[in-house]
Amino acid sequence: MTAFDSYERAQWRGGADTFARTFAPLCAYPADALLDAAGVTAGSRTLDVGTGTGTVAALALARGAVVTAVDADSGMAAAARSAAPGAAVRVGALPALPFATGAFDAVVANFVLNHVGVPAAAVAELARLTRPGGRIAVTIWPYPPPRLQSLLGEAVRAIGAAPVALPRLAAEHDFARTVAGLSGLLAAGGLTEVTGRQLDWRHRTTVADWWAGAEGGIGAASVLLAAQPAATRDRIRAELDRLAEPYRGTDGVCAIPTAALLATGTVPG
Ligand SMILES: C[S@@+](CC[C@H](N)C(=O)[O-])C[C@H]1O[C@@H](n2cnc3c(N)ncnc32)[C@H](O)[C@@H]1O
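From a predicted model like this one, the values you see are computed outputs, not experimental measurements.

## Quick notes on helix α10 (residues 207-215)
Along α10, the residues that are buried comprise V207, W210, W211, G213 and A214. Angularly, the buried residues of α10 cover 155° about the axis, an arc narrow enough to put them on a single face. For α10, the secondary structure elements touched by its buried residues are α2 (16-21), α8 (147-158), β6 (192-205), α11 (221-226), α12 (230-244) and β7 (254-266). Directly beyond the C-terminal end of α10, a positive phi value near 95° is found at G217.

## Quick word on the site of the ligand
Surrounding the ligand, one finds 22 residues, the nearest of these being W12, C27, G50, G52 and N110. Breaking the shell around the ligand down by element, the ones donating at least two residues are α1 (3-12), α3 (24-28) and α5 (55-62). Counted by class, the shell around the ligand contains 12 nonpolar, 7 polar and 3 charged residues.

## Some words on the packing of α8 against α12
A pair of packed helices is characterised by two quantities: the angle between their axes and the separation of those axes. Packing of α8 against α12 brings their axes to within 9 Å, and their N-to-C directions diverge by 120°. Comparing the axis directions of α8 and α12 gives the class oblique. As α8 runs across α12, the sense of the crossing is right-handed. Seen from α8, the contacting residues are L151, L152, E154, A155, V156 and A158; seen from α12, they are I236, E239, L240, L243 and A244. Of the residues that constitute the contact of α8 with α12, the class distribution is 9 nonpolar, no polar and 2 charged.

## Describing the nonpolar core
Grouped together as the largest cluster of nonpolar side chains are 60 residues, with contacts concentrated most on V49, A57, A80, V108 and I136. It is α5 that provides the largest number of residues to this core, a total of 6 residues. If we ignore the near neighbours within four places in the chain, the residues touching V49 are V70, L94, L97, V107, V108, A109, V112 and L126. Listed in part, the 17 residues of the second largest apolar core include L151, W210, A221 and I236.

## Considerations on the sheet that holds strand β2 (residues 66-71)
Strand order in the open sheet formed by 7 strands is β3-β2-β1-β4-β5-β7-β6, and the pairing between neighbours is mixed. At either end of the open sheet lies a strand with only one pairing partner, and these are β3 (88-91) and β6. Direction aside, neighbouring strands of the sheet carry axes that sit 20° apart on average. Two strands pair when backbone bridges link them, and strand β4 (residues 104-110) and strand β5 (residues 130-140) are joined in this way by 6 bridges, in the parallel orientation. Counted as the bridge partner of F104 is T130 from β5. On top of the sheet, helix α7 (residues 119-129) reaches β1 (45-49), β4 and β5; it is set at about 140° to β5, its chief contact. Most of the contacts of α8 go to β7, to which it runs at about 125°, and overall it touches β6 and β7.

## Considerations on the UniProt feature "domain: Methyltransferase type" (unreviewed entry) in the protein chain
With numbering aligned to this structure, UniProt lists the feature "domain: Methyltransferase type" (unreviewed entry) at residues 47-137. Annotated as 32% helix and 31% strand, the span residues 47-137 places its first and last C-alpha atoms 11 Å apart.

## Remarks on the pairing of β1
Taken residue by residue, a regular strand's side chains alternate between the two faces of the sheet. Among the 5 residues that make up β1, 4 are buried, leaving the element largely enclosed by the rest of the structure. Sheet analysis places β1 next to β2, joined by 5 bridges and oriented parallel. Bridging from a neighbouring strand, T46 pairs with V67 of β2. Taking the sense of rotation as the criterion, the β-α-β connection linking β1, α5 and β2 turns out right-handed. Where β1 lies against β4, 3 bridges are found, and the strand directions are parallel. Bridge pairing in β4 places L47 opposite V107.

Scoring rules and cut-offs
Residues numbered from 1 in each chain as written. Predicted model: local features only at pLDDT ≥ 70, side-chain atom pairs only at ≥ 80, totals over all residues. Buried ≥ 20, exposed ≤ 12 C-beta atoms within 10 Å, placed from the backbone. Helix = DSSP H or I, 4+ residues; strand = E, 2+ residues; numbered from the N terminus. Arc of directions from axis to C-beta. Contact = placed C-beta atoms within 7 Å. Near = placed C-beta within 6 Å. Nonpolar A, V, L, I, M, F, W, Y, C, P; charged D, E, K, R; others polar. Axes fitted to C-alpha atoms, helices over the stretch in contact; angles between N-to-C directions. Parallel < 35°, antiparallel > 145°, perpendicular 65-115°, else oblique. Left-handed = near helix turned anticlockwise from the far one by under 90°. Core = buried A, V, L, I, M, F, W, Y, C linked by C-beta atoms within 7 Å. Pairing = 2+ DSSP bridges. UniProt positions renumbered as here; feature names shortened; annotations may be inferred. Right-handed = clockwise from strand over helix to strand, strands pointing away.

And the structure:
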């Protein structure tokens, strides 16, 4: 396991409830497009990798698919069992998952490849699990970050808080967080008919919920907050409120632009 994988594993541990309340609704947006891209319909043997609290698994079940889901974190797997009671949910981690070669018609991973230390090895594992002719579909966040994901870092900089080095992949394992970069990762893994696109939308959230996720240890921004003394965190929160103001509706909910990258490919026969 790489140092990045160890960091990620520790980050998610115990985070299922906070994730469900805060960032899971954000991750849910591309779920239907992801399942469409992977060709998931009634009867498809579908694997949801890094299922988290089970959003994608539950949607796949609603399509009539035969769903298996897996997550590295046992708390996430437990939450997925509740959200998607018809799915077979296991604990397991990329790049070595506990399933037979070619066992699935479709394999999806919603915002998971951005949490693994060796993305190429993860793609190879997704391909191993997919039958010849079956499809893989994945999403990640783009870089540079969209407005929503850049707000907290901007607030940290605006108040002059100490910069914090975020954990990064080893350079030799990293790839461009663009449509071309993600599609290239799938193509380099031997997939054919690879296509990619960017999905743009506005995420509706309160600043309180967005803050609760970061303060609760979810996402890279949480590393920035954890490194700050309490008084500094209060100033960052106030600055975040100010930055979010232009997006706030009369109901107090903000609609902030964000985006995801979606790529898909076929496992050769
Ligand atoms: C951003 S969450 C996405 C959860 C879910 N796919 C969704 O869309 O709501 C990332 C998930 O990937 C899981 N994860 C992180 N590293 C993993 C790995 N190496 N193998 C499997 N799951 C992993 C985390 O535990 C977490 O549940």
